[in-house]
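# Remarks on the overall topology
Listed here are the chains, written in short residue letters.
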Amino acid sequence: DSARFRFPTAVAVGPNDNLYVADTFNHAIRKLIRPSTVAGTWTVTTLAGTGIAGFFDGSASTAKFSFPQGLTLDQTGNVYVADSGNHRIRLISTDSTVSTFAGTGTQGYGDGTTTDALFDHPCGVAFDDDGDPSLNTGNLYIADRDNNRIRRIDLSSVNTNDAVETVGEADFNAPVSLVVFGDNIYVSDKGSQVILK
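Everything quoted here is computed from the prediction, not taken from an experiment. Position numbers for residues count from 1 along each chain, tracking the sequence in the order it is written. Whole-chain, interface and lining totals are the exception, using all residues; otherwise, since this is a predicted model, local features are given only for residues with pLDDT of at least 70 and side-chain atom pairs are given and counted only at 80 or more. The side-chain quantities take in all heavy atoms of the structure and omit both hydrogens and water.

### Considerations on the pattern of salt bridges
Should a side-chain nitrogen of Lys or Arg be within 4 Å of a carboxyl oxygen of Asp or Glu, the pair is scored as a salt bridge. The full count for this structure, using the stated rule, is eight salt bridges. The residue D146 makes a salt bridge to R145 at a minimum N-O spacing of 2.8 Å. Here the term buried applies to any residue with accessible area under 20% of the maximum for its type, exposed to any over 50%, and partly exposed to those in between, with areas from a 1.4 Å probe on protein chains only. With relative accessibility at 35%, the residue D146 sits in the partly exposed group. We classify R145 as buried; its relative accessible area is 17%. Within the structure, one salt-bridge network assembled from shared partners comprises D57, D83 and R90.

Structure follows, in C-alpha cells:
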C-alpha cells in the first residue's frame, strides 16, 4: 500500500504467481512478489529500468526503457517487453540482463530478421501455446500499434529473413493489446473501439 506506479498499462503472471507490470510513465518493469500466506503483504520491486526514459541494454539496474506498454513471460521466466518508445521488443533474462530481442530502434515498418525488423510503437506481446524460446518453438505475436498490424516472430527461425512477418493488417486501427487462445488471436483495437479475432 506504499508502492507507487505511474500509468501502468500491462500485467502478466510469472513463476510462483508473481506479477509483472509495465509501469509505462516510470519507464520501468515492476515485479510484485506474492506473499507466502493469503493474509501476507505483496512486495513491489523494480525488475528493470532506471525510471528515466532512454535506451540502454545491460544489467537490469542500468537498462533504460521508453514507455514500455506490454509484456509477457516465457515458460522459463524470461520477460519480453514491448518497449514502445524505443520501437523494440526487449528481453529481460532470468539472470537480470536486458537485451534487444527484435527491432533496430528506428521507427518504421519492415519484416525480416529480428535484428533488421522495424516497428512503430509496439504495444502488446503474447506467446502462443507452443511459445518457448528456450526450445526454439512457437511464436511471439506483437500488436504493432502505429503500423496498424499484427506481427509474428517465429521462434524457430529468429536468425532467418522470415523470422519477423506480418500476419494481419487489413482491419486494424491502432492495435494495442492481444492474447492468443487456442488457434485464435484476440486483439484490442483502440482506434476502432472493438475487439477483433
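After that view, the rundown keeps rolling.
### Re the packing of aromatic side chains
Put simply, two rings from Phe, Tyr or Trp (the six-membered ring, in Trp's case) pair if the centres are within 6.5 Å, and we call them stacked under 30 degrees between planes, edge-to-face over 60, tilted for the rest. Using the criterion set out here, one finds four aromatic pairs in the structure. Ring geometry for F25 and F67: centres 5.7 Å apart, planes at 85 degrees, overall edge-to-face. Residue F25 is found in the loop between β2 (19-23) and β3 (28-33), and its partner F67 is found in the loop between β5 (58-59) and β6 (68-73); the two are separated by 42 residues along the sequence. Since its relative accessible area comes to 32%, F25 is described here as partly exposed. What makes F67 partly exposed here is its relative accessible area of 34%. Seen from their ring centres, Y80 and F127 are 5.1 Å apart, and the 90 degrees between their planes marks the pair as edge-to-face. Taken together, the residues Y80 in strand β7 (residues 79-83) and F127 in strand β10 (residues 122-127) connect sequence positions 47 residues apart. Using a relative accessible area of 10% as the deciding quantity, one classes F127 as buried. Here the aromatic cluster, defined as three or more aromatic residues joined through ring pairs, consists of F7, F25 and F67. The ring of F5 has R30 sitting right over it, with the charged end atom 4.8 Å from the ring centre. Elements are defined by DSSP. Helices are runs of H or I of four residues or more, strands are runs of E of two residues or more, and each kind is numbered from the N terminus. The criterion is that NZ of a Lys, or CZ of an Arg, lies within 6 Å of the ring centre and within 35 degrees of the ring normal, and then a charge sits over that ring.

### What to know about unusual backbone geometry
A positive phi angle, close to 55 degrees, is found at H27, a residue other than glycine. For H27, the location among the structural elements is in the loop between β2 and β3. On the basis of relative accessible area, H27 is assigned to the buried category, the value being 8%. Residues other than glycine seldom take positive phi values, yet S96 does so here, at roughly 65 degrees.

### Quick word on the sheet that holds strand β14 (residues 175-181)
In spatial order, the strands read β14-β15-β16; together these three strands make up an open sheet with antiparallel pairing. On the outer flanks of this sheet lie β14 and β16 (194-196), each paired with one strand and no other. Ignoring strand direction, the axes of neighbouring strands in this sheet form an average angle of 20 degrees. With three bridges joining them, strand β15 (residues 184-189) and β16 adopt antiparallel strand pairing. Paired with D189 across the bridge in β16 is V194. Should DSSP find at least two bridges between two strands, the strands are regarded as paired. Interaxial angle, 0 to 180 degrees, is taken between N-to-C directions of lines fitted to C-alpha atoms, where a helix line uses only the stretch in contact.

### Comments concerning the sheet that holds β5
Remark on secondary structure: sheet strands pair via backbone hydrogen bonds, oriented parallel or antiparallel. The antiparallel open sheet is built from five strands, whose spatial order is β5-β9-β8-β7-β6. Among the strands making up the open sheet, the edge pair consists of β5 and β6. Pairing of β7 with strand β8 (residues 88-92), which is carried by five bridges, proceeds in the antiparallel orientation. By the bridge assignment, A82 is partnered in β8 with I89.

### Describing the pairing of β3
Bridge count between β2 and β3: five bridges; the pairing is antiparallel. Directly across from L19, in β3, lies its bridge partner L32. Two elements, β3 and strand β4 (residues 43-48), share five bridges in a ladder whose sense is antiparallel. By the bridge assignment for β4, I29 is matched with A48.

### A closer look at the environment of I92
Topologically, I92 is positioned in strand β8. Distance in space between the C-alpha atoms of I92 and D128 is 19 Å, their sequence separation being 36 residues. Two residues qualify as a contact provided that any one of their heavy atoms is within 4.5 Å of a heavy atom in the partner residue. Excluding residues within four positions of it along the chain, I92 makes contact with I29, L47, A48, F65, N78, V79, V81, T97 and V98.

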